[in-house]
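Here are the chains, one letter per residue:
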Amino acid sequence: MYFNFDQYRDDNLELLFNAIAYYDQLLDEQHFFKKNEFLKIMLTLQENNLQKV
C-alpha cells in the first residue's frame, strides 16, 4: 500500500487554511455586528440628548 505523504500534508494544509479563512470571516462578521450595535446605541443616545434640549 502506497501512502502519499505530500498529498496528505497538502490536504491537511488546505483544511487548516480553509478553517482559518472561515474563522477570519466569522470574526469580521462579529466585528461588523458589534460596530453596528454600537452605532445604534450612539444614535439613540444622541437622539435622546437632542430631545432633552
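Preceding this paragraph is the structure being described.
Residues numbered from 1 in each chain as written. Predicted model: local features only at pLDDT ≥ 70, side-chain atom pairs only at ≥ 80, totals over all residues. Heavy atoms only, no water.

Description of the overall build of the chain
Link 1 in the chain: A count of helical and extended segments in the chain gives one helix and zero strands.
Link 2 in the chain: Relative to a compact globule of 53 residues, whose C-alpha radius of gyration would be 10 Å, the chain shows 23 Å and is clearly more extended.
Link 3 in the chain: Counting across all 53 residues of the chain, residues that qualify as buried make up 0%.
Link 4 in the chain: Counting every atom, the chain has about 5,500 Å² of accessible surface; 62% of that belongs to carbon and sulfur.
Link 5 in the chain: Within the chain, one finds 5 positive and 9 negative side-chain charges whose respective centroids are separated by 16 Å. (Helix = DSSP H or I, 4+ residues; strand = E, 2+ residues; numbered from the N terminus. Rg over C-alpha atoms; globule rule 2.2 N^0.38 Å. Buried < 20%, exposed > 50% of the residue type's maximum accessible area, 1.4 Å probe, protein only. Areas by Shrake-Rupley, 256 points an atom, 1.4 Å probe, with all protein chains shown as cover. Lys, Arg positive; Asp, Glu negative; His and termini not counted. Charge placed at Lys NZ, Arg CZ, Asp CG, Glu CD.)

Digging into the pattern of salt bridges
Link 1 in the chain: In total, this model carries one salt bridge according to the counting rule given.
Link 2 in the chain: Close ionic contact of Lys40 with Glu37 constitutes a salt bridge, the shortest N to O distance being 3.9 Å. With Lys40 and Glu37 both in helix α1 (residues 5–52) and three residues apart, this pair spans about one turn of that helix.
Link 3 in the chain: When its relative accessible area of 45% is taken as the criterion, Lys40 is described as partly exposed.
Link 4 in the chain: For Glu37, a relative accessible area of 44% translates into the label partly exposed. (Salt bridge = Lys/Arg side-chain N within 4 Å of Asp/Glu carboxyl O.)

Quick notes on a nonpolar patch on the surface
Link 1 in the chain: A contiguous nonpolar surface patch, about 510 Å² in accessible area, is contributed by Phe38, Leu39, Ile41, Met42 and Leu45.
Link 2 in the chain: Positionally, Phe38 belongs in helix α1. (Patch = residues over 30% accessible without salt bridge, like charges linked within 9 Å, V, L, I, M, F, W, Y side chains within 5 Å.)

Focus on the environment of Asn18
Link 1 in the chain: With respect to the helices and strands, Asn18 occurs in helix α1.
Link 2 in the chain: On the basis of relative accessibility, which here comes to 46%, the residue Asn18 falls in the partly exposed class.
Link 3 in the chain: Between the C-alpha atoms of Asn18 and Gln7, which are eleven residues apart in sequence, the distance is 16 Å.

Fair warning: the whole summary comes from geometry, so function is off the table for now.
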